[in-house]
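Summary of the model geometry
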Amino acid sequence: MSAVQCFERSEIKYLLTREQYGFFTDRAAAELMPDEYPKCSIRSLYFDTPDYLLITRSCEQPEYKEKIRLRAYSDVTPQSAVFAELKKKYDSVVYKRRTSLSEENAVKWLEGKKHFRGTQIEREIDSFAEHYKTLRPAALVFCDRLSFVARSNPDLRITFDMNVKGRLHDLSLTRPVYGEELCPGRIIMEIKAPGAVPVWLAKILSEGKIYKTGFSKYGTLYLKSFGAARNKRENDNVCNF
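The sections below set out a description of the structure shown in this document.

Definitions and cut-offs
Residues numbered from 1 in each chain as written. Predicted model: local features only at pLDDT ≥ 70, side-chain atom pairs only at ≥ 80, totals over all residues. Heavy atoms only, no water. Buried < 20%, exposed > 50% of the residue type's maximum accessible area, 1.4 Å probe, protein only. Helix = DSSP H or I, 4+ residues; strand = E, 2+ residues; numbered from the N terminus. Contact = heavy atoms within 4.5 Å. Polar contact = N/O pair within 3.5 Å; in protein donor to acceptor, adjacent residues only side chain to side chain. Core = buried A, V, L, I, M, F, W, Y, C linked by side-chain atoms within 4.5 Å. Phe/Tyr/Trp six-rings, centres within 6.5 Å; stacked < 30°, edge-to-face > 60°. Lys NZ or Arg CZ within 6 Å of the ring centre and 35° of its normal.

Burial analysis of helix α6 (residues 217–226) places seven of its 10 residues in the buried class, which makes it a mostly covered element. Looking at the buried residues of α6, the elements they touch are β2 (32–48), α2 (53–59), β6 (136–150), β7 (157–167) and β9 (187–193). Where α6 begins, the side chain of serine 216 points an oxygen toward the backbone nitrogen of glycine 219, at a separation of 2.8 Å.

Laid out in structure tokens, this is it:
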């Protein structure tokens, strides 16, 4: 996957019906081309405190939020390379730092049993883990992703996540893919852009009546498992980021 280690961009999510997905991909076909890695199966292992402090805060929709996870794009063994990713969001802008290491060392690192202080990114992640002290695997999420970039601007990236499922047990990237469906019948589209979306894209979204929504895979899994009563915002069944 991409060797880029730092990201700063807006990330806008949409929950599409199959009909909206067909409309969008048909209308946008001339403007998009496959990304460097156009198809992949993503496995994301989220870390949190025993009382789910990170995801609870995220569901409260604060101006600033943060999360940490391990991510892989294929089957994993303890020796496989995975990404440790620290993701922060402030004022609708997402900042992501990531570095690659073995699954075995990555788990020990985020659990506070091992330290890596070589690069700036490693120091940031190390500091995050030390701050929360009790991080442990909390949720495992899977999806199949299609990725595209704009022909006129490769920094504009659009992804489609399908077959989204997750679980709060059997928490290892090395374990098989299975879990509860998180958005049955829907496809998660995400527009990742360094600035405002271009006119052609805004026009397609408007014509297709495709509106942005707050959706978090980990947050949705958490609320499905523990009940919407755990969410302090009334009348909302998902949380963003």
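Judged by nonpolar contacts, the single largest core of 24 residues is most densely connected at Phe47, Ile68, Leu70, Ile125, Phe128, Leu135 and Leu173. Apart from residues lying up to four places away in sequence, phenylalanine 128 is in contact with Leu54, Glu66, Lys67, Ile68, Leu86 and Leu135. In terms of nonpolar packing, the next biggest core, distinct from the first, is built from 21 residues, Phe83, Phe215, Tyr218 and Leu223 among them.

Our next topic: the packing of aromatic side chains. On inspection of all chains with the given rule, the structure shows 10 aromatic pairs. Ring centres of tyrosine 52 and tyrosine 222 lie 5.5 Å apart, and the angle between their planes is 45°; on these two criteria the pair is classed as tilted. With tyrosine 52 in the loop between β2 and α2 and tyrosine 222 in helix α6, the pair connects residues that are 170 residues apart, well separated along the chain. With respect to class, tyrosine 52 is no different from tyrosine 222; both count as buried. Measuring from ring centre to ring centre gives 6.1 Å for tyrosine 73 and phenylalanine 83, while their planes differ by 80°; the resulting arrangement is edge-to-face. With tyrosine 73 in the loop between β3 (64–72) and β4 (81–90) and phenylalanine 83 in strand β4, the pair connects residues that are 10 residues apart, well separated along the chain. Relative accessible area serves as the criterion here: at 10%, phenylalanine 83 is assigned to the buried category. For the cation-ring pair, arginine 98 lies above phenylalanine 83, with the distance from its terminal atom to the ring centre recorded as 3.9 Å.

Bringing unusual backbone geometry into the picture now. At asparagine 163, a residue that is not glycine, the phi angle is positive and equals roughly 50°. Within the secondary structure, asparagine 163 sits in strand β7. Its identity is not glycine, yet aspartate 170 carries a phi of approximately 50°, on the positive side. Looking at the element boundaries, aspartate 170 is found in the loop between β7 and β8 (180–181).

Another point: the environment of tyrosine 222. Look at tyrosine 222 and you get buried, because its relative accessible area is 1%. For the pair tyrosine 222 and arginine 167, spaced 55 residues apart in sequence, the C-alpha separation works out to 8.9 Å. A distance of 3.2 Å separates the side chain of tyrosine 222 from the side chain of threonine 56, its partner in a polar contact.

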